[in-house]
Amino acid sequence: KGYKGPSNGEPFVTQSGSITKESAEKLLEKIKVVKNEEDVDYDRKEWKHWTAYKGNSCWNVREEVLKRDSIPGTINLINKSKIPTTNEKEAGAVGVASKSESSTKIETEGSGQWIDPYSGDLIKDSSKVDIDHIIPLSKAARSGGQSWNKEKKELFANDTENLLATSAKENRSKSDKGPGEYMPPNKDYRCQYAKSYISIAHKYSLTINEDDSKILNKTIKGCSI
């Protein structure tokens, strides 16, 4: 309710970001708040990501999020032979095939259209899209996830509820920050962002620090639904 989505000029919202204000408040109360995050020896390689989506070796999690978050009707798919296709089961990548005399290249310009949830900008080139972890991997590691086994780390790193197609610029501006240090410049998306962060933290029993807790509480209280 209240979210119209990409087909109506609004950014994509995951199910984790679509919970009600009341639900978010209840979940936030259950999350452990710590003064300082853990000092861990984080290694990104331990958090294997962009794995095959639902066992499809030709289609990974990054491609799935690109397709999922795009404005309906704008995405261009190609199969493993670099031939355009509308059959999602045959698709191997998001892109446009460009043929020359000697080869066929995959172009990213015109491969689809995305509304960056963090800035509100329209993107028309998939190379300018990053797939952002709402709760960054290193942040999760410092919040209780470093002790997980490799299977759980991989599960978290590829959980599409914790992933959004954003502009590369905003993703890098956000980096490994939590809500206490970074909130989307697009104020219209802050409620959805806060709800997503809370939902994922609760789902994986992660802690949040005091600064994150204050901002999340303030943001959720200001949400209309």
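Calculation rules
- Residues numbered from 1 in each chain as written.
- Predicted model: local features only at pLDDT ≥ 70, side-chain atom pairs only at ≥ 80, totals over all residues.
- Heavy atoms only, no water.
- Axes fitted to C-alpha atoms, helices over the stretch in contact; angles between N-to-C directions.
- Helix = DSSP H or I, 4+ residues; strand = E, 2+ residues; numbered from the N terminus.
- Parallel < 35°, antiparallel > 145°, perpendicular 65-115°, else oblique.
- Left-handed = near helix turned anticlockwise from the far one by under 90°.
- Contact = heavy atoms within 4.5 Å.
- Nonpolar A, V, L, I, M, F, W, Y, C, P; charged D, E, K, R; others polar.
- Buried < 20%, exposed > 50% of the residue type's maximum accessible area, 1.4 Å probe, protein only.
- Pairing = 2+ DSSP bridges.
- Disulfide = S-S within 2.5 Å.
- Phe/Tyr/Trp six-rings, centres within 6.5 Å; stacked < 30°, edge-to-face > 60°.

Asks: Describe the packing of helix H1 (residues 21-30) against helix H7 (residues 210-221), naming the residues involved and giving the relevant values.
Replies: The geometry of H1 relative to H7 is characterised by a closest axis approach of 10 Å and an angle of 160 degrees between their N-to-C directions. As summarised for this structure, H1 and H7 are arranged roughly antiparallel, according to the angle between their axes. Regarding H1 and H7, the two cross each other, and that crossing is left-handed. Contact residues: Lys21, Ala24, Glu25 and Leu28 in H1; Leu216, Asn217, Ile220 and Lys221 in H7. For the contact of H1 with H7, a count of residues per class yields 4 nonpolar, 1 polar and 3 charged.

Asks: Provide a residue-level description of the pairing of strand E12 (residues 163-167), including the pertinent values.
Replies: Consecutive side chains of a regular strand alternate in pointing toward one face of the sheet and then the other. When you tally the buried positions in E12, you get 5 out of 5 residues, the bulk of the element. Note: strand E11 (residues 129-133) against E12, 5 bridges, orientation antiparallel. Residue pairing for E12: Asp130 is matched across the bridge by Thr166.

Asks: Which residues make up the state of the cysteines, and what are the values?
Replies: Applying the stated criterion across every chain, the model contains 1 disulfide. At a sulfur-sulfur separation of 2.1 Å, the disulfide partner of Cys191 is Cys223. Disulfide Cys191 to Cys223: torsion about the S-S bond roughly -120 degrees, handedness left-handed. One end of the pair, Cys191, is in helix H6 (residues 190-203); the other, Cys223, is in the segment after H7, with 32 residues separating them in the sequence. Across the pair, Cys223 and Cys191 agree in class, each one buried.

Asks: Could you give an account of the packing of aromatic side chains, with specific residues and numbers?
Replies: Applying the stated rule across the entire model yields 9 aromatic pairs. On the numbers, 6.0 Å between centres and 75 degrees between planes, the contact of Trp47 with Phe156 is edge-to-face. Of this pair, Trp47 sits in the loop between strand E1 (33-34) and strand E2 (52-53) while Phe156 sits in helix H4 (residues 150-157); the two residues are 109 residues apart in sequence, bridging distant segments of the chain. Centroid distance Phe156 to Tyr204: 4.9 Å. Interplanar angle 85 degrees. Geometry classified as edge-to-face. With Phe156 in helix H4 and Tyr204 in the loop between H6 and strand E13 (208-209), this pair connects stretches of sequence that are 48 residues apart.

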